[in-house]
Amino acid sequence: MNKGIAITGMGIISSIGNTVEENLNALKSVSPGISRIEMLKTRHSDQIMVGEIKKTNNVLEEELGLEPLHSFSRTAMIGTIAAKEALQDAQISDINKYRTGFISGTSVGGMDTTEKYYLGYNEIEDYRRFIQAQHAGFTTQSISNYLGIHGYVSTISTACSSAANAIMLGARMIQAGKIDRMIVGGTDALSKFTINGFGTLMILSDSECTPFDDNRKGLNLGEAAAFLVLESDAIVEKENKKVLGRVAGWANANDAFHQTASSSDGEGAYLAMNKALKVANMTAKDIDYVNAHGTATPNNDLSEGVAMTRIFGEENIPVFSSTKAFTGHTLAAAGSVEAVYSLLSLKENLIFPNLNFKTKMKEFSLVPQTELVAKEVKTILSNSFGFGGNCSTLIFTK
Amino acid sequence: MSDCFINGIASISAQPTTDPGTFLEELISYKEPIFRCHDPNYKDYIKPAAMRRMSKSVKMGVTTASMALKDSGVEMPDAIITGTGMGCKQDSEKFLENILHNDEQFLTPTLFIQSTHNTVGGQVALGLGCKAYNVTYVQGAASFETSVMDAQLMLSEESGKNILVGGIDEIAKNSTLLHKLDGQIKNDDIDLIDLLDSNTLGTVASEGATFMVLGAKTDKSLANIVDVETISEATPNEIKADIEKFVFRQGLSLDDIDAVVLGNNGDVKYDNYYKNLQSSIFSNIEQLCYKHLIGDYYVASSFGFWLACKIFETNQIPSVLKVNDVTAKNHNNVLLYNQYLGKNHSIALLQRC
């Protein structure tokens, strides 16, 4: 088995909580965070359900101590909150004591500010400091500058697999000795752009999403940020650090089927899971639990389900669930949100449930874990798939 | 440091850089501060039915990817890694404007589908039927270099792979224009060739794409990418120290560098990052610039990689690139440095092979 890269800290803000502890409590008490949209003004507010962080931008600014004229986009603010918590959790006070980098996954970047100010840039000068927020790297640098990281900083934008790819890259760079410590994860705020975009694709559900259910109607969009601290074993040993878990396997493959839809044989997902097992030097039997991508769109759950049957065999599928019914689909952040939940599963020996499931899908006999259950968990496989055929799989170990 | 060779390269820019057998002999002049690339005949590379739906980024990306693959003799790459500062800005802008002008009504999915940053990477994969590793980096002016770093890392993990790496950025009508409002683009017309001495704020904006095939050394190898580093933010003097450290780390001294390729873009506020080097550690080295030929955009620095390959291949330096009086005897080690607005610095060392 690949020993993997140590995870020494984690942080998260999502619709079910503003900290890791709050997220854990919501998962344990089965309190989903799906509601009507309140913070963002959209004409679709009565038609969709979302996983929204119930804090205004002003509240976020205050929490971060940002002056109004130096505030960030919402994506950057929630990202900073989660990254800060991850650093605290890893008990890092001197960020530049070791070679430290930052990798964030995002799909919308500063789109929330762009759509708010776009039509006003010509008249209103104060808005213009957000013009640069049009490029996603700007969002990442708002966070990395706040944290004091000025060396290697990068942004990955592979749609809904972005954060998974950020975690993968961080692990690879540490494994190769390119860097000692990497803060990795993703952040995406709700925006009109994505609400309307997914709306035109007709894959938004008007009620709570039902992953892997035969009658699933589509996804609930969500907003969240989550970051992990990855550190080299040299640092872990030298500083006698607590290790929350390890990233032991990773892989990225492309479905090469359609720009937005997944193939019916789940080829990209299959390749990603298969390769991740190889990197981890494991077989399918070693996996105790699968945190599925499970967006609750007809297309994803079928494609992912088929891919799982190909990897594990239909009769031998490990316990699996999608946690999207708690948080909504948090797009680029999903991979790191679910990495945090996977680490909590490893720590608490709990499987968090796949909510709202009632009817088995016609195509196969897969039934997700629908109730909170205690189970010894040592290895978790977590999937994230996105537009552009991007499929990524991570394997976490105790 | 790794065995990372450029085995094929192609670049679309505002100059006719895709014409075979030429090296900036005939230049196109531009006067407006925003100008588009010089289009090759895309029909030679893309079927008409597919082309109708393609945005400029996709057209430029698919074409240069196909040219670079052909140049290298590789048919199916083992990974596709793309970098872009703004992604598919034209389609994003149209979708955004439709949302804002029509109060979130009467929208169609095509623009949204094509708006994601990884559209070009996805389309290249789809065109090739390539199911391998596929990632898109979006880190401002370091987008291309972070992509190259991933490829380099991958080759150090597993040699023998052929990796397709590209950078793409396009002009979008209104979003690019906004960069005039915040001082990123010059307000007045300027003869592009005079850009470097403009002494005014901002630069000029254009678009382009560069794709390379990276892998182990072959008889087609054009250059060895010895190392690449990116630095998110730093002062001019910190950059000077970083470049010295970078060169020493390769077992070289500055005397071993035959030419430096710099990203000066005529922005009086930020060109001091380059001038601070040109008048000190680079003063005895042949200095080359190129943004007075192709303008600036987030992946413009990828043009520096193309330039270095051309220099190794032709053993010529078009005089239009030269900005000082030093002339190197041979060109074996070429150092690239670029930044934008004092952020997303990149340093790369390319070596003749």
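See above for the structure.
Residues numbered from 1 in each chain as written. Chains lettered and ligands numbered in written order. Predicted model: local features only at pLDDT ≥ 70, side-chain atom pairs only at ≥ 80, totals over all residues. Heavy atoms only, no water.

**Section: the overall build of chain B**
Item 1. Within chain B, the secondary structure is distributed over 11 helices and 10 strands.
Item 2. Whereas a compact globule of 353 residues would reach a radius of gyration of roughly 20 Å, chain B reaches 19 Å, a difference of no more than 12%.
Item 3. The principal-axis extent of the C-alpha atoms belonging to chain B is close to 60 × 50 × 35 Å.
Item 4. For chain B, the share of sequence-separated contacts (at least 6 apart) that also reach a separation of at least 24 residues comes to 78%.
Item 5. Of the roughly 12600 Å² that chain B leaves accessible, carbon and sulfur atoms contribute 47%.
Item 6. Seen as two clouds, the 29 positive and the 44 negative side-chain charges of chain B have centres 4 Å apart. (Helix = DSSP H or I, 4+ residues; strand = E, 2+ residues; numbered from the N terminus. Rg over C-alpha atoms; globule rule 2.2 N^0.38 Å. Contact = heavy atoms within 4.5 Å. Areas by Shrake-Rupley, 256 points an atom, 1.4 Å probe, with all protein chains shown as cover. Lys, Arg positive; Asp, Glu negative; His and termini not counted. Charge placed at Lys NZ, Arg CZ, Asp CG, Glu CD.)

**Some details on the overall build of chain A**
Item 1. Looking only at helices and strands, chain A features 12 helices and 15 strands.
Item 2. For a compact globule of 398 residues, the expected C-alpha radius of gyration is about 21 Å, and chain A comes in at 20 Å, within 12% of that figure.
Item 3. Overall size of chain A, expressed as C-alpha extent along the three principal axes, is 60 × 55 × 40 Å.
Item 4. A total of 398 residues make up chain A; the buried ones form 69% of that total.
Item 5. For chain A, long-range pairs separated by at least 24 residues make up 76% of all intrachain contacts whose partners lie at least 6 apart in sequence.
Item 6. Roughly 13000 Å² of accessible area belongs to chain A as shown, and the carbon and sulfur atoms make up 48% of that amount.
Item 7. A gap of 4 Å separates the mean positions of the 36 positive and 42 negative side-chain charges of chain A. (Buried < 20%, exposed > 50% of the residue type's maximum accessible area, 1.4 Å probe, protein only.)

**Focus: unusual backbone geometry**
Item 1. Located in the positive-phi region is Ala-296 of chain A, a residue other than glycine, with phi close to 80°.
Item 2. By the secondary structure assignment, Ala-296 of chain A is in the loop between strand E10 (289-291) and helix H10 (298-312).
Item 3. Residues other than glycine seldom take positive phi values, yet Asp-103 of chain B does so here, at roughly 50°.

**Comments concerning helix H12 (residues 334-348) of chain A**
All names here are of chain A.
Item 1. If you check H12, its first and last C-alpha atoms are 21 Å apart, about what 15 residues at 1.5 Å a residue would give, namely 21 Å.
Item 2. The element H12 is extensively covered by neighbouring structure, given that 13 of its 15 residues are classed as buried.
Item 3. Immediately beyond the C-terminal end of H12, within one or two residues, lies Asn-349, with a positive phi of roughly 55°. (Expected span 1.5 Å × (residues − 1).)

**What about the layout of surface pockets?**
Item 1. Approximately 880 Å³ is the volume attributed to the largest pocket.
Item 2. Residue lining of the largest pocket: 29 residues in total, with Arg-99 and Tyr-152 of chain A together with Glu-229, Thr-230 and Arg-249 of chain B positioned closest to the centre.
Item 3. For the lining of the largest pocket, the elements supplying multiple residues, two or more each, are helix H6 (143-157), strand E6 (223-233) and helix H8 (236-249) of chain B.
Item 4. The biggest single contributor to the lining of the largest pocket is E6 of chain B, with six residues.
Item 5. Of the residues belonging to the lining of the largest pocket, the class tally is 12 nonpolar, eight polar and nine charged. (1 Å grid on protein atoms, 1.4 Å probe; cavity = no way out; pocket = protein on both sides within 12 Å on 5 of 7 lines; lining within 4 Å. Points joined across faces, edges and corners; volume = space filled by probe spheres on them. Nonpolar A, V, L, I, M, F, W, Y, C, P; charged D, E, K, R; others polar.)

**Structural notes on the environment of Met-154 of chain B**
Item 1. Turning to its location among the elements, Met-154 of chain B is positioned in helix H6.
Item 2. Residues Met-154 of chain B and Cys-130 of chain B lie 24 residues apart in sequence; the distance between their C-alpha atoms is 17 Å.
Item 3. Sequence-distant contacts of Met-154 of chain B, defined by excluding residues within four places in its chain, comprise Arg-172 of chain A together with Ala-79, Tyr-133, Lys-161 and Ile-163 of chain B.

**Re the interface of chain A and chain B**
Item 1. Counting residues at the interface gives 63 residues for chain A, matched by 62 residues for chain B.
Item 2. Together chain A and chain B conceal approximately 5300 Å² of surface at their shared face, both sides included; 58% is due to carbon and sulfur atoms.
Item 3. For the pair chain A and chain B, the number of links is three salt bridges.
Item 4. A salt bridge links Asp-103 of chain B to Arg-43 of chain A, with the nearest nitrogen and oxygen atoms 2.9 Å apart.
Item 5. Linking chain A with chain B are 28 residue pairs in polar contact (both at pLDDT 80 or more).
Item 6. Of all the secondary structure elements, the ones that give two or more residues to the side of chain A that touches chain B are helix H4 (111-117), helix H5 (136-147), strand E5 (153-156), helix H6 (162-175), helix H7 (192-200), strand E9 (245-254) and helix H9 (267-279) of chain A. (Buried area = accessible area lost by both parts, 1.4 Å probe. Salt bridge = Lys/Arg side-chain N within 4 Å of Asp/Glu carboxyl O. Polar contact = N/O pair within 3.5 Å; in protein donor to acceptor, adjacent residues only side chain to side chain.)

**Regarding the side chain of Thr-379 of chain A**
Item 1. Structurally, the position occupied by Thr-379 of chain A is in strand E14 (residues 379-386).
Item 2. Beyond its immediate chain neighbours, meaning those up to four positions away, Thr-379 of chain A contacts Met-282, Asp-286, Ile-287, Asp-288, Tyr-289, Leu-346, Phe-396 and Thr-397 of chain A.

**A short note on the pattern of salt bridges**
Item 1. Counted under the stated rule, the structure contains 33 salt bridges over all chains.
Item 2. Between Asp-206 of chain A and Lys-217 of chain A there is a salt bridge, with the nearest N and O atoms lying 2.9 Å from each other. You can see Asp-206 of chain A sitting in the loop between H7 and strand E7 (221-222) and its partner Lys-217 of chain A sitting in the loop between H7 and E7, a full 11 residues away along the chain.
Item 3. The exposure class of Asp-206 of chain A is partly exposed, given its relative accessible area of 44%.
Item 4. On the basis of relative accessibility, which here comes to 46%, the residue Lys-217 of chain A falls in the partly exposed class.
Item 5. Overlapping salt bridges, with partners in common, bring together Arg-36, Asp-39, Lys-56 and Glu-207 of chain B in one network.

**Section: the packing of helix H2 (residues 57-64) of chain A against helix H3 (residues 74-89) of chain A**
What describes two packed helices is the angle between their axes and the distance between those same axes.
All names here are of chain A.
Item 1. In the contact formed by H2 and H3, the axes pass within 10 Å of each other and the chain directions differ by 40°. With respect to their mutual orientation, H2 and H3 come out oblique. Remark: the crossing between H2 and H3 carries left-handed chirality. Residues Asn-57, Leu-60, Glu-61, Glu-63 and Leu-64 of H2 form the contact with H3, whose participating residues are Arg-74, Met-77, Ile-78, Thr-80, Ile-81 and Lys-84.
Item 2. Counted by class, the contact of H2 with H3 contains five nonpolar, two polar and four charged residues. (Axes fitted to C-alpha atoms, helices over the stretch in contact; angles between N-to-C directions. Parallel < 35°, antiparallel > 145°, perpendicular 65-115°, else oblique. Left-handed = near helix turned anticlockwise from the far one by under 90°.)

**Thoughts on the state of the cysteines**
Item 1. A full pass over the atoms with the stated rule returns zero disulfides over all chains.
Item 2. Considering cysteine sulfurs only, Cys-37 of chain B is the nearest to Cys-88 of chain B, which forms no disulfide, with 14 Å between them.
Item 3. Lacking any disulfide linkage, Cys-130 of chain B is separated from the closest cysteine sulfur, that of Cys-391 of chain A, by 13 Å.
Item 4. Overall, Cys-130 of chain B belongs to the buried group, its relative accessible area being 1%. (Disulfide = S-S within 2.5 Å.)

**Remarks on the pairing of strand E15 (residues 390-397) of chain A**
Residue and element names in this part refer to chain A.
Item 1. A large share of E15 lies buried, amounting to eight of its eight residues.
Item 2. Neither face of E15 is open: one carries Asn-390, Ser-392, Leu-394 and Phe-396, the other Cys-391, Thr-393, Ile-395 and Thr-397, and all of them are buried.
Item 3. Two strands pair when backbone bridges link them, and E9 and E15 are joined in this way by eight bridges, in the antiparallel orientation. Considered in E15, the bridge of Trp-250 is made with Leu-394.
Item 4. As paired elements, E14 and E15 share eight bridges and run antiparallel to each other. Bridge pairing in E15 places Gly-386 opposite Asn-390.
Item 5. Where E14 hands over to E15, the hairpin turn is made up of three residues, of which Gly-388 adopts a positive phi near 80°. (Pairing = 2+ DSSP bridges.)

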